[in-house]
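Structural description and commentary
Listed below, chain by chain, are the residues.
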Amino acid sequence: MLPNPEIPPTGTPGGDVFFTPFLTEFTRPGVVTFLGVWHFVSGSLALVGAGAFLVVARNNPAALAGALVAGGFGGLQLACGYGLWHLKPFGRIIQIVLASIGLIGFPVGTTISLLILIYFFKPGVKLLMSGMDPRNLEPGQVREVAELAKGPSALLLGGIAIGAVVVLGLLVALIVFGIPTEGRIQLTRGGRWQLSAR
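**Some details on the packing of helix α2 (residues 61–85) against helix α3 (residues 89–102)**
For the pair α2 and α3, the least separation of the axes is 7 Å and the interaxial angle reads 135 degrees. Classified by the angle their axes make, α2 and α3 are oblique. Crossing geometry of α2 relative to α3 is assigned as left-handed. For the pair formed by α2 and α3, the contact residues are F73, L76, Q77, A79, C80, Y82, G83 and L84 on the first element and F90, G91, R92, I94, Q95 and L98 on the second. Class assignment of the residues belonging to the contact of α2 with α3 gives a composition of 9 nonpolar, 4 polar and 1 charged.

What follows is the structure, encoded as structure tokens:
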């Protein structure tokens, strides 16, 4: 946050002089960065899962449906990750949609999704990802954006990290063990993936 050179300093005679704060650029908060990376990773895994479903989807409608769902969800997460990383408005919208869906995952998913929704509805986050030029923000709006750095981001990141580990484990387990087909994707001793009969 810097003084705005276009606005003269104000104050009281004989008192302290202060400047109107302004921003030259937005800085991505740690929470947004973490979620962006998470969506890149989980979205990529979802696409891998979609590919695994397609391997055995020829004679199995359930596997084909799983491939479509996993592929669509993976693509949505990758778009969300890109939007969050670059502070795009659509990134915030997709994140809100995904967190709303995550509310059904009681209790871990519900808790983490609720924390995410609370964060992304903060006035500062709305401004940060509004697409506005930061130099056009009013002083009060600048302070709302600056408040994001003072919030309990460590607590939120910790909660999201725990939930991420749980979800990531479930995704890997689904890919390796839970494909509802006549075969199963397994990792051989040589480090290669193969489709084996049940």
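**Observations regarding the packing of aromatic side chains**
Ring pairs (aromatic) are described by centroid distance and by the angle formed between their planes. Applying the stated criterion to the full structure yields 2 aromatic pairs. On the numbers, 6.5 Å between centres and 10 degrees between planes, the contact of Y82 with F90 is stacked. Residue Y82 is classed as partly exposed on the basis of its relative accessible area of 42%. Ring geometry for Y119 against F120: centres 5.5 Å apart, planes inclined by 75 degrees, an arrangement best described as edge-to-face. In this structure Y119 comes out as buried when scored by relative accessible area, which is 5%. When the ring centre of F121 is taken as origin, the NZ or CZ atom of R92, which lies over that ring, is 5.5 Å away.

**Thoughts on the confidence of the model for the protein**
The share of residues in the protein with pLDDT of 70 or more is 64%, and the mean pLDDT across the chain is 77. Least confident of the elements in the protein is strand β2 (residues 10–11), whose mean pLDDT is 46; most confident is α3, at 95.

**Quick look at helix α4 (residues 108–120)**
The end-to-end C-alpha distance of α4 is 18 Å, a good match for the 18 Å that 13 residues give at a rise of 1.5 Å each. Among the residues of α4, I112, S113, I116, L117, Y119 and F120 are the ones counted as buried. What you see down the axis of α4 is that its buried residues fit within an arc of 160 degrees, all on one side.

What counts, and where the lines are drawn
Residues numbered from 1 in each chain as written. Predicted model: local features only at pLDDT ≥ 70, side-chain atom pairs only at ≥ 80, totals over all residues. Heavy atoms only, no water. Axes fitted to C-alpha atoms, helices over the stretch in contact; angles between N-to-C directions. Helix = DSSP H or I, 4+ residues; strand = E, 2+ residues; numbered from the N terminus. Parallel < 35°, antiparallel > 145°, perpendicular 65-115°, else oblique. Left-handed = near helix turned anticlockwise from the far one by under 90°. Contact = heavy atoms within 4.5 Å. Nonpolar A, V, L, I, M, F, W, Y, C, P; charged D, E, K, R; others polar. Phe/Tyr/Trp six-rings, centres within 6.5 Å; stacked < 30°, edge-to-face > 60°. Buried < 20%, exposed > 50% of the residue type's maximum accessible area, 1.4 Å probe, protein only. Lys NZ or Arg CZ within 6 Å of the ring centre and 35° of its normal. pLDDT = per-residue confidence, 0-100. Expected span 1.5 Å × (residues − 1). Arc of directions from axis to C-beta.

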